[in-house]
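Listed below are the residues making up each chain.
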Amino acid sequence: MSRHNRRRLTVLLVALFVIGGLPAVAGAQQAGSTSDGNSQFGSVVRVDAGETYDGSIDATAASVVIAGTVEGDVSASAGSVIVTESGRVTGSLDAAAGSVVIEGTVDGDVSVGAAAFELREGSQVGGALEAGAADVRLDGAVAGDVTLSADTLVVGSTATLGGSLTYAGEDVTLADEASISGPVSQQESVELAGPDTFGAGGGGSPLSDIPGWVGPLYGGLAELLLGAVLLAAVPTFSRRLVATGTSRALHSAGTGLLSIVGVPILLLLIAVTIVGIPLSIAGLVTFLILLWVTSVYGALIVGTSALSLADYENRWAALLVGVVVVGLLEAIPVVGGLVQFVVLILGFGAFALAAYDYRRGGAETEPDDLTGVVGGE
């Protein structure tokens, strides 16, 4: 096999690994999906308005849309989950997704784990509500108790809660007009069982018996594999990137910070134009993939800098040392989050600067002179 074809194959493996490493997303009966009993797999799971699905749905897809009636429970792992105004779930709703929106009715309990969760005005939940998300907004009605954990929590003026409200959050707004029948309690932290999606919830889930160190170990191995593939697929660019990150660390970190803050704002502005929504979604997916890739590059920069203190140069050793050192530091309370952020902006900034130099075709240092920065084979 020629070197050119080997390079193409390696790049393909990178793409497959990145896509395979993303969280599983829920699927549907439509849009090219497959099913196994009540389990739906594909790009979109959709129950159209006026349609009735008789039975429970277990969905893994990019998006799950309930616009009709589901006579049973809905369990979804997806990029987005929405129960529209015309949608109704006669059982419970368990959702693990990037965003979860309820505009219609869920007769049973609702359990959500998401980046953003919204219970919109006019919506109804017949049972209890439990949600853990970065952003939570409640404007609808919940008949039972509500337990929430969020960075930003808003209980709007149209919210009607028939039971108690227990919450933990940093930025909390409770409208005076909101109707809350039970006691209101703020906690430093709340225990959430989590959504029961494909057996991944709480309460006797097989996953609950897995030791806590398995997750970080798997994450570290995934980063090592991705880093190794990147070094093999794009060695020249990787050398250039590491050279940039080590010699221009402050410049790289500053560029990374501006990029990570600026790109989501730009994507939001594009989405506002309506016609730019598909472009914005594609940009968001690319951005999320880049965050993972550049975090690995950030660890590689850290490893290279650490080995330079011992006057030792080897790109594979640098990758191993970087991932291990960063992983250990991230395990330290409080400090770990800061380390993770610094490594991310360092890697993202170095990536942006190296890509700019590479595109310009005139980097300050020629690729052959950069071999020593990351070490030899």
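Conventions we followed
- Residues numbered from 1 in each chain as written.
- Predicted model: local features only at pLDDT ≥ 70, side-chain atom pairs only at ≥ 80, totals over all residues.
- Heavy atoms only, no water.
- Salt bridge = Lys/Arg side-chain N within 4 Å of Asp/Glu carboxyl O.
- Helix = DSSP H or I, 4+ residues; strand = E, 2+ residues; numbered from the N terminus.
- Buried < 20%, exposed > 50% of the residue type's maximum accessible area, 1.4 Å probe, protein only.
- Phe/Tyr/Trp six-rings, centres within 6.5 Å; stacked < 30°, edge-to-face > 60°.

Student: Where do I start with the pattern of salt bridges in this structure?
Tutor: A side chain with one charge may pair with a side chain of the opposite charge, provided their charged atoms come close. Per the counting criterion, the structure on display carries six salt bridges. Here Asp 107 ties to Arg 88 by a salt bridge, and the two come within 2.6 Å at their closest N and O atoms. Placement of the pair is Asp 107 in the loop between β10 (105-106) and β11 (110-119) and Arg 88 in strand β8 (residues 88-89), with a sequence separation of 19 residues. The class of Asp 107 is partly exposed, set by a relative accessible area of 28%. The partner of Arg 137 in a salt bridge is Asp 139, and the shortest N-O contact between them spans 2.7 Å. Exposure remark for Arg 137: the relative accessible area of 37% places this residue in the partly exposed category. Judged by relative accessible area, which is 11%, Asp 139 ranks as buried. A single salt-bridge network, built from bridges that share partners, covers Glu 103, Glu 118 and Arg 120.

Student: Help me out: how do you make sense of the packing of aromatic side chains in this one?
Tutor: Between two aromatic rings, the relevant description is the distance of the centres plus the angle of the planes. Under the criterion given, the structure shown has two aromatic pairs. Taken together, a centroid distance of 5.5 Å and an interplanar angle of 80 degrees make the contact between Phe 237 and Phe 351 edge-to-face. Taken as a pair, Phe 237 in helix α3 (residues 235-247) and Phe 351 in helix α7 (residues 335-360) lie far apart in primary sequence, 114 residues in all. Given the relative accessible area of 15%, Phe 237 is considered buried. Summarising the aromatic geometry, the rings of Phe 287 and Phe 348 are spaced 5.9 Å apart at their centres and angled 65 degrees between planes, so their arrangement reads as edge-to-face. Of the two residues, Phe 287 sits in helix α5 (residues 277-309) while Phe 348 sits in helix α7, which places them 61 residues apart along the sequence.

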